[in-house]
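Residue-level structure breakdown
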Amino acid sequence: MNKDFRLPDVGEGLTEADIVSWHVKPGDTVTINQVIVEIETAKAVVELPSPYAGTVSALLVSEGQTVDVGIPIITIDVPVAGEAPAADAAPAKAKAEAEAEAEPPTAASVATPAPPAPPARQPVLVGYGVKPGSTSRRPRKSAPTRPGSYPASPSVPINGGPLPGTEPAGPAGPARPASPPSGTSMSRALAKPPVRRLARDLGIDLTGLTGSGPEGSVTKGDVQKAAGGATVRSTPRSSEEPAAAPHAVAELSPAATGAAEERIPVRGVRKHTAAAMVASAFTAPHVTEFLQVDVTETMAAVRRARELTEFAGVKVSPLLFVAKALLVAVRRHPMINSSWDEAAQEIVVKRRVNLGIAVAAERGLLVPNVKGADALALADLARALDAMASTARAGKATPEDLAGGTITITNVGVFGVDAGTPILLPGEAAILAFGQVRDLPWVVDGALAVRKVTTLSLSFDHRIVDGELGSAVLRDVGSMLEDPVRMLAWS
């Protein structure tokens, strides 16, 4: 019995997801809870297990496609109750053939030949929601249909769209070959999902490349070399703290492509982030305040903490002390850790602090948060921040990791930036930007000295936080970074 597995809602009412990579192909045997596909939602990359045990009949969507929740993505042939598994059929058949050779056939044993089995069903990709005459470069929501739902001739357009095997042209150029369905050579190439995505955007067939990575895997450098002039622009990352930066963007040289521009589909995390930032910027009235702080004592405390056994094996950075200072400031000024309920016309003050840290990952900017960060000791907070950043950069952050934040820190200093005006995450009242630490001339006890100086920027929702409260929070954080002993006095 063929059963279709429909794309589930993996959490928080998400309505669609991108197919990143298939872990199975038609003909493979799968068991219940075996991981069969990796998908990317607006929140995270998620591995989906099989709800059935059986044989894969067809992959109904290809890698790179965006699929609505509820659309079938794979068909699995599940044995009917009482039916012998396919693995047991071969011995039974061999035994029957042996018996037939030993005994001559009788009239009673001669049966009418069985009709030939119908041809195996092949998945055919059709764009859902693509209107006739649409010139969209790539169908946004797509899934296959059964053979016979449209003429089989390759010269007949599908739903008024492009010819099978091509994608319609965008404003910049002619149609190009579509991404191949899963199970084809591209899905069998050994490469990580970000490399597959880059190859797809550059129009590179991974199977034609010789991988230079571990176990012969194809790397980004291999793809860029094959593109003949393509490069990836990304901001160098410091090894000191978790980073926050836009997703790396592929740049194609006009000489390599013959085109004057490149179009990159907006999907997954980038799509979600864009929508959230627009909603925040045009909903909450933002105010940003700045404060330069002498953090010489904090930098000394960072060096001292690294020598303590309590921090053995844990990454200790200035960001840890900034996070702790903000948590103490929240305890002193609870209103900063709140949200605006438009429907109820109420301010919701959160009693726990789920501290978000912006992290630059392969998929784009992610903001996972440490649940109950205000209850953690300094060493435990360091471990939680380290583990959270590592998980996010590895693409393993779950929707739960990214949901429920109450206040956020973005560390722009690791990119050599002094300050910025960060945009609030929807549902939060404040976000703190931590700038680079620099050697600057500073007046100490009436004399000029060279000190370690940083700039703090606090953006807040002016519906909730007025200038007095915002200034008090920023000043408290600055005071604790100037003299870390204040953290003990105010905790």
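The following refers to the structure shown. (Residues numbered from 1 in each chain as written. Predicted model: local features only at pLDDT ≥ 70, side-chain atom pairs only at ≥ 80, totals over all residues. Heavy atoms only, no water.)

1. Description of the nonpolar core
F321, L326, L355, I409, L432 and L481 are the most contacted members of the largest nonpolar core, which totals 50 residues. The element contributing the most residues to this core is helix α8 (residues 318-332), with eleven residues. Non-local contacts of F321, meaning those with residues more than four positions away in its chain, are made with T298, A301, V302, A305, V316, L378, L481 and M487. Membership of the second largest hydrophobic core comes to 21 residues, among which are F5, V30, I74 and I76. (Core = buried A, V, L, I, M, F, W, Y, C linked by side-chain atoms within 4.5 Å. Buried < 20%, exposed > 50% of the residue type's maximum accessible area, 1.4 Å probe, protein only. Helix = DSSP H or I, 4+ residues; strand = E, 2+ residues; numbered from the N terminus. Contact = heavy atoms within 4.5 Å.)

2. Details of the pairing of strand β17 (residues 346-349)
Pairing analysis gives four bridges linking strand β16 (residues 338-341) to β17, with the strands arranged antiparallel. When the sheet's bridge partners are listed, S339 is paired in β17 with V348. (Pairing = 2+ DSSP bridges.)

3. Description of the sheet that holds strand β8 (residues 72-77)
The pairing of strands in a sheet comes from backbone hydrogen bonds and takes either a parallel or an antiparallel form. Read across the sheet, four strands follow the order β1-β8-β6-β3 without closing on themselves; strand pairing throughout is antiparallel. The open sheet has two edge strands, β1 (2-6) and β3 (29-30), and neither has a second partner.

4. Some words on the packing of aromatic side chains
All chains considered together, the criterion is met by zero aromatic pairs. Positioned above the aromatic ring of W490, the side-chain terminus of R332 is 4.0 Å from the ring centre. (Phe/Tyr/Trp six-rings, centres within 6.5 Å; stacked < 30°, edge-to-face > 60°. Lys NZ or Arg CZ within 6 Å of the ring centre and 35° of its normal.)

5. Some points on the pattern of salt bridges
Side chains that differ in charge, positive against negative, can pair when their charged atoms come close. Under the criterion given, the structure shown has eleven salt bridges. With a closest N to O distance of 3.3 Å, D28 and K25 form a salt bridge. Look at the salt bridges and you will find they share partners, linking E342, D461 and R463 into a network. (Salt bridge = Lys/Arg side-chain N within 4 Å of Asp/Glu carboxyl O.)

6. Some details on the environment of A360
Following the sequence through the fold, A360 ends up in strand β19 (residues 359-361). Under the relative-accessibility criterion, A360 is labelled buried at 5%. Expressed as a C-alpha distance, the spacing of A360 and A392, which sit 32 residues apart in the sequence, is 8.2 Å.

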